[in-house]
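Chain by chain, the residues run as shown.
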Amino acid sequence: ERLDMSVDTFFTRLNPLFVGVLRSPLHWPLSLGLMVITVTGRKSGRRFSFPVGYQPQGRDALVVMVSEARKKSWWKNYREAGPVEVRLRGKTRTGAAHVIDPNSAEFRKHAENTVRRVPGMDRVFKVRYDKAAGLTDAQAEHLAKEIAAVRIDLEPAASA
């Protein structure tokens, strides 16, 4: 029996554990880079919750970069803007999510910020990123086919 598995498969198997921790009072070690997203299927109406990495974009917006996007379907619910719920740093927030056009300057900016900021993400995204040279046009084209970017605009947080 083969024991090797992709990093993606490894983390998928740990999703229930990550969701439990991120929803608990002990969320803080993980919640600086991970959150729980709850997506409602457009066709099925079923709700799915799982952990995702996120990048804050100001106070009330986030971007989620979806690696191996062809193998995942949740983000396709947001080709047109739709409602979303997240558990972010110990608080439940709602908002609207939409897929960022993979051929846009915005997509390229978020892809480059991710590989520049998060060690190892260039390997996950299957590009060899050189910080000095930046993202090449060929790499940007590759990423447009391999990953998806979802922007989440959150409702303003309730004041405490």
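We now turn to the structure provided with this report. (Residues numbered from 1 in each chain as written. Predicted model: local features only at pLDDT ≥ 70, side-chain atom pairs only at ≥ 80, totals over all residues. Heavy atoms only, no water.)

Quick look at the layout of surface pockets
Then, number 1: Taken as a whole, the second largest pocket holds about 310 Å³ of empty space.
Then, number 2: Every residue lining the second largest pocket is counted, 13 residues in all, and those nearest its centre are Arg59, Leu88, Lys91, Arg93 and Ala157.
Then, number 3: Here the residues of the lining of the second largest pocket sort into eight nonpolar, one polar and four charged. (1 Å grid on protein atoms, 1.4 Å probe; cavity = no way out; pocket = protein on both sides within 12 Å on 5 of 7 lines; lining within 4 Å. Points joined across faces, edges and corners; volume = space filled by probe spheres on them. Nonpolar A, V, L, I, M, F, W, Y, C, P; charged D, E, K, R; others polar.)

A look at helix H5 (residues 137-146)
Then, number 1: For H5, every residue scored as buried is listed here: Gln139, Ala140, Leu143, Ala144 and Glu146.
Then, number 2: Buried residues belonging to H5 abut strand E4 (61-66) and helix H3 (105-117). (Buried < 20%, exposed > 50% of the residue type's maximum accessible area, 1.4 Å probe, protein only. Helix = DSSP H or I, 4+ residues; strand = E, 2+ residues; numbered from the N terminus. Contact = heavy atoms within 4.5 Å.)

Some remarks on empty space enclosed by the protein
Then, number 1: According to the stated counting rule, one finds one cavity of 30 Å³ or more in the structure shown.
Then, number 2: Of the volumes computed, that of the largest cavity is approximately 40 Å³.
Then, number 3: Around the largest cavity, the lining residues are Glu68, Val124, Phe125, Lys126, His142, Glu146 and Ile147.
Then, number 4: For the lining of the largest cavity, the class distribution of residues is three nonpolar, one polar and three charged.

Details of H3
Then, number 1: The end-to-end C-alpha distance of H3 is 18 Å, a good match for the 18 Å that 13 residues give at a rise of 1.5 Å each.
Then, number 2: Of all the residues in H3, the buried ones are Phe107, His110, Ala111, Glu112, Thr114 and Val115.
Then, number 3: Check the buried side of H3 and you find it contacts strand E3 (55-56), E4, helix H4 (121-124), H5 and strand E7 (148-154). (Expected span 1.5 Å × (residues − 1).)

Overview of the pairing of E4
Then, number 1: Counting buried positions over the six residues of E4 gives six, a clear majority of the element.
Then, number 2: On E4, burial covers both faces: Ala61, Val63 and Met65 on one face and Leu62, Val64 and Val66 on the other are all buried.
Then, number 3: Hairpin remark: E3 followed by E4, antiparallel, with four residues in the connecting loop; positive phi at Gly58, about 80°.
Then, number 4: Judged from the six bridges that link them, E4 and E7 form a sheet pairing that is antiparallel. Of the residues in E7, the one forming a bridge with Val63 is Arg151. (Pairing = 2+ DSSP bridges.)

Looking at the pattern of salt bridges
Then, number 1: Under the defined criterion, the tally for this structure stands at eight salt bridges.
Then, number 2: Among the salt bridges present, the one from Glu112 reaches Arg116, with a minimum N-O distance of 3.5 Å. Placement of both Glu112 and Arg116 in helix H3 is noted, with a separation of four residues, approximately one turn of the helix.
Then, number 3: On the basis of relative accessibility, which here comes to 18%, the residue Glu112 falls in the buried class.
Then, number 4: In this structure, the salt-bridge partner of Arg151 is Asp153, at a minimum N-O distance of 2.9 Å.
Then, number 5: On the basis of relative accessibility, which here comes to 21%, the residue Arg151 falls in the partly exposed class.
Then, number 6: On the accessibility criterion, Asp153 (30% relative accessible area) is partly exposed.
Then, number 7: Three or more residues joined by partner-sharing salt bridges are found here, namely Glu68, Lys71 and Lys126. (Salt bridge = Lys/Arg side-chain N within 4 Å of Asp/Glu carboxyl O.)

Some words on the side chain of Ser31
Then, number 1: Structurally, Ser31 is set in helix H2 (residues 28-31).
Then, number 2: Here Ser31 falls in the buried class, since its relative accessible area comes to 3%.
Then, number 3: Other than its neighbours up to four places away in sequence, Ser31 contacts Leu22, Tyr54 and Arg89.

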